Amino acid sequence: MATSGLVASPYPSGFRYTVDNSLLSPDQRKFYDENGFIVIPKLIGDDLLDECRKRFVDICEGKVDRGLMTLMKDVSLSKTGAKGEYLFNKVQDIVWEDVFSKYILHPKLLDYVECFTGPYITAIHSMLINKPPDSGKMTSTHPLHQDLHYFPFRPADRIVAAWTAMEEVTEQNGCLFVLPGTHKGSLQKHDYPNWEGGVNKAYHGVLGHDDFPKVMLPMHKGDTVFFHPLLIHGSGPNLTKGFRKAISCHYASSNCYFIDVKGTTQENIAQEIEEISKRRGFELNYQSIWQSRSRLIRGPERSFQLSKL
């Protein structure tokens, strides 16, 4: 049979952004390929999420030593006298913490992660995100951004975020919103937006996408969204009297490799993170910082390759 003019697909299954795994249906894989995200309802049970919430509050109140975890304040709430969970909007680098790691190591969660990374999994970026009631300055808003901006490793298609609602997430309390299909584009230039009320530390954003149609992602407690690191997304302000908590981890194939971000659009965030690390007494380059934040989760002992540096 003549094959002139036909080009073989580099993806034997026909799907670029997921790997062959029976857990996701063909329709689910097609949806993720086209949109860059997929929501799995009620993946994580209430008991674990309640335990993680209590641990977060205890850390905010100083009842539990945060160790090497990073506790971050909302830039405008820090000027109001707010305390505890009314002040702190994030605890980061939770991958080794006894309670939070129950989420990061959750077998059902990892089974889905494998659909995107393959069987060798490294947890690379972990956090519990809190949105206290907004101060009125709209600083609980998270600007549109791509997570790959922060990551000095590739390939992007073998990295995935898992983001789980710890309570009812609505448009009113600041749910995620996404720009479907933007994961098919390139990494955009990021910087701090010029917002009158201020911007939280390291909340870089992209410009020029305000006219793109946004899809809001209201979620029930335990629902989990998986999304590609190039997907442009953000979240709105919390305009309620309550909170909006989520727990999240980015995972990558352990076969990923580091890149040198010098001279690229990622150089600004690399310099900022290196400076923060230096002020805390750690003289580390950007790649070493990310190595220290990661944890092998599944597969044989291995780490990101350094051969591309």
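A few points on the structure. (Residues numbered from 1 in each chain as written. Predicted model: local features only at pLDDT ≥ 70, side-chain atom pairs only at ≥ 80, totals over all residues. Heavy atoms only, no water.)

## A short note on the overall build of the protein
- Within the protein one finds six helices and 16 strands.
- The C-alpha radius of gyration computed for the protein amounts to 19 Å, which stays within 12% of the reference 19 Å derived for 309 residues, consistent with globular compactness.
- Dimensions along the principal axes, computed over C-alpha positions, put the protein at roughly 75 × 40 × 40 Å.
- Considering the protein as a whole, with its 309 residues, one finds that 55% of them fall into the buried category. (Helix = DSSP H or I, 4+ residues; strand = E, 2+ residues; numbered from the N terminus. Rg over C-alpha atoms; globule rule 2.2 N^0.38 Å. Buried < 20%, exposed > 50% of the residue type's maximum accessible area, 1.4 Å probe, protein only.)

## Overview of the side chain of Arg293
- Relative to the helices and strands, Arg293 is located in helix 6 (residues 286–293).
- A polar contact of 2.8 Å, which involves the side chain of Arg293, links it to the side chain of Asp93.
- Every residue in contact with Arg293, bar those within four places of it in the chain, is listed here: Gln92, Asp93, Val95, Ala123, Ile124 and His125. (Polar contact = N/O pair within 3.5 Å; in protein donor to acceptor, adjacent residues only side chain to side chain. Contact = heavy atoms within 4.5 Å.)

## What to know about the sheet that holds strand 11 (residues 215–217)
- The four strands lie next to each other as 5-13-8-11, forming an open sheet whose pairing is antiparallel. The open sheet has two free edges, formed respectively by strand 5 (142–145) and strand 11, since each of these has just one partner strand. If you compare each strand with its neighbour and ignore which way they point, the axes differ by 20° on average.
- Across three bridges, the pairing between strand 8 (residues 176–178) and strand 13 (residues 233–235) is antiparallel. Looking at the pairing, Phe177 lines up with Gly234 of strand 13. (Pairing = 2+ DSSP bridges. Axes fitted to C-alpha atoms, helices over the stretch in contact; angles between N-to-C directions.)

## Comments concerning the layout of surface pockets
- Considering only enclosed or pocket space, the second largest pocket measures out at about 180 Å³ in volume.
- Forming the walls of the second largest pocket are 13 residues, and the residues nearest its centre are Pro143, Leu144, Trp195, Val206 and Asp210.
- The biggest single contributor to the lining of the second largest pocket is strand 5, with three residues. (1 Å grid on protein atoms, 1.4 Å probe; cavity = no way out; pocket = protein on both sides within 12 Å on 5 of 7 lines; lining within 4 Å. Points joined across faces, edges and corners; volume = space filled by probe spheres on them.)

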